[in-house]
Amino acid sequence: MEHPKYNIALIVGAGEGLSASLARLLSRQGLRVALAARKVEKLGALCGETGAKAYACDATQPEEVERLFGLVEREIGTPDLVIYNASGRTRGPIVELVPADVAQAIAVSAYGGFLVGQQAALRMLPKKHGAILFTGASASVKGYAQSAPFAMGKFALRGLAQSMARELSPQGIHVAHFVIDGGIRSAARGEPADRPDSMLDPDAIAESYWNVLQQPRSAWAWEMELRPWVEKF
């Protein structure tokens, strides 16, 4: 059974945590990795560790996203794996939310995903090969109190992923959305002593992304939902 082969990965919305785990895993698998974020200074250590190259980009700006893909193409090569990890959020009672802040949060979570997905698809369609992955959250399927902007953005991102999967899968492009239903463990955010394994390990999440990427096209998943094993749902 033939498994797909990917060569160049672009992770948009890169930082510590899941993005770093993905960069490490993909580099170990032999892929060349490009990382994009609004502030690239924080990516220096990760680039040194993985051999990745960092690019500054505001994913909500069409011209910056187009420029990002052009730079990656010229300096590394055309990405055949693109991962969108960026999220925007603002919290508060619905009557107190600032409209401009809400618009920005939705733009980062959803509109940026569209812009990145569009540029990725433009480059993958001629070769009928590639993968576009979107990182969701509990808010992709559950709207929590005082978190409407995050739910609005993540619901929209999930709809984008589902629509793109139905359009692009028959053309050889694997589109998948990941519902990360729980907190992700990090150096700054550890688990309570009385609740071990109650948070998701970012390295384990990255392995699940890789497993989806290895699926034969006769059995592609468009969505995977991940949560700690101790959670009741």
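See the structure printed just above.
If you're wondering where the values come from, they're calculated on a predicted model, not measured in any experiment.

(A) Expanded view of the overall build of the protein. Check the secondary structure of the protein and you find 6 helices and 7 strands. Helices (α) and strands (β) of the protein occur, in sequence order from the N terminus, as β-α-β-α-β-α-β-α-β-α-β-α-β. Overall, the protein is about 45 × 40 × 35 Å in size when its C-alpha atoms are taken along their principal axes. Each of the 233 residues in the protein was classed as buried or not, and the buried ones make up 50%. Put simply, 66% of the contacts in the protein that link residues at least 6 apart link residues at least 24 apart.

(B) Region of the structure containing the packing of aromatic side chains. Enumeration over the complete set of coordinates arrives at 2 aromatic pairs. Consider the rings of Phe178 and Tyr209, whose centres lie 3.8 Å apart with planes at 10°: the pair is stacked. Taken together, the residues span a long stretch of sequence, with Phe178 in strand E6 (residues 173-180) and Tyr209 in helix H6 (residues 202-213) at a distance of 31 residues. On the basis of relative accessible area, Phe178 is assigned to the buried category, the value being 0%. One Lys or Arg, Arg89, reaches over the ring of Phe150 and ends 3.7 Å from the middle of that ring.

(C) Spotlight on unusual backbone geometry. The backbone of Lys128 sits at a positive phi, close to 50°, despite the residue not being glycine. Among the secondary structure elements, Lys128 is positioned in the loop between helix H4 (99-124) and strand E5 (130-135). On the accessibility criterion, Lys128 (53% relative accessible area) is exposed. Look at Gln146: it is not a glycine, yet its phi comes out positive at around 60°.

(D) Representation of the packing of helix H1 (residues 18-28) against H6 in the model. The geometry of H1 relative to H6 is characterised by a closest axis approach of 8 Å and an angle of 55° between their N-to-C directions. As far as their axial angle goes, H6 and H1 are oblique. When you trace H1 past H6, the crossing you get is right-handed. Residues Leu18, Ser21, Leu22, Leu25, Leu26 and Arg28 of H1 form the contact with H6, whose participating residues are Pro202, Asp203, Ile205, Ala206, Glu207, Tyr209 and Trp210. Class assignment of the residues belonging to the contact of H1 with H6 gives a composition of 9 nonpolar, 1 polar and 3 charged.

(E) Structural view of helix H5 (residues 148-168). Here H5 is 21 residues long and its end C-alpha atoms lie 30 Å apart, about the 30 Å a rise of 1.5 Å per residue gives. If you check which residues of H5 are buried, you get Pro149, Phe150, Ala151, Gly153, Lys154, Leu157, Leu160, Ala161, Met164, Ala165 and Leu168. The elements touched by buried residues of H5 are strand E4 (81-84), H4, E5 and E6.

(F) Quick look at the pattern of salt bridges. Overall, the coordinates contain 9 salt bridges when judged by the stated rule. In this structure, the salt-bridge partner of Glu73 is Arg123, at a minimum N-O distance of 3.2 Å. Here Arg123 lies in helix H4 and Glu73 lies in helix H3 (residues 62-75), a separation of 50 residues in the sequence. Between Asp181 and Arg227 there is a salt bridge, with its nearest N and O atoms 3.0 Å apart.

(G) Structural context of the sheet that holds E6. Strands sit in the order E3-E2-E1-E4-E5-E6-E7 across an open sheet of 7 strands; the sheet is parallel. In this open sheet, the two edge strands, each paired with only one partner strand, are strand E3 (53-56) and strand E7 (223-226). Strand-to-strand twist across the sheet, computed as the mean angle between neighbouring axes with direction ignored, equals 15°. Relative to E5, E4 runs parallel, the two being bridged by 4 bridges. Paired with Ile83 across the bridge in E5 is Leu133.

(H) Examining the pairing of E4 more closely. In E4, alternate side chains face the same way, and those of Leu81 and Ile83 on one face and Val82 and Tyr84 on the other are all buried. Relative to E4, strand E1 (residues 8-12) runs parallel, the two being bridged by 4 bridges. What sits directly across from Ile11, in E4, is Ile83. Each parallel crossover has a hand, and for E4 linked through H4 to E5 it is right-handed.

Calculation rules
- Residues numbered from 1 in each chain as written.
- Predicted model: local features only at pLDDT ≥ 70, side-chain atom pairs only at ≥ 80, totals over all residues.
- Heavy atoms only, no water.
- Helix = DSSP H or I, 4+ residues; strand = E, 2+ residues; numbered from the N terminus.
- Buried < 20%, exposed > 50% of the residue type's maximum accessible area, 1.4 Å probe, protein only.
- Contact = heavy atoms within 4.5 Å.
- Phe/Tyr/Trp six-rings, centres within 6.5 Å; stacked < 30°, edge-to-face > 60°.
- Lys NZ or Arg CZ within 6 Å of the ring centre and 35° of its normal.
- Axes fitted to C-alpha atoms, helices over the stretch in contact; angles between N-to-C directions.
- Parallel < 35°, antiparallel > 145°, perpendicular 65-115°, else oblique.
- Left-handed = near helix turned anticlockwise from the far one by under 90°.
- Nonpolar A, V, L, I, M, F, W, Y, C, P; charged D, E, K, R; others polar.
- Expected span 1.5 Å × (residues − 1).
- Salt bridge = Lys/Arg side-chain N within 4 Å of Asp/Glu carboxyl O.
- Pairing = 2+ DSSP bridges.
- Right-handed = clockwise from strand over helix to strand, strands pointing away.

Function cannot be read off these values alone, since they describe shape.
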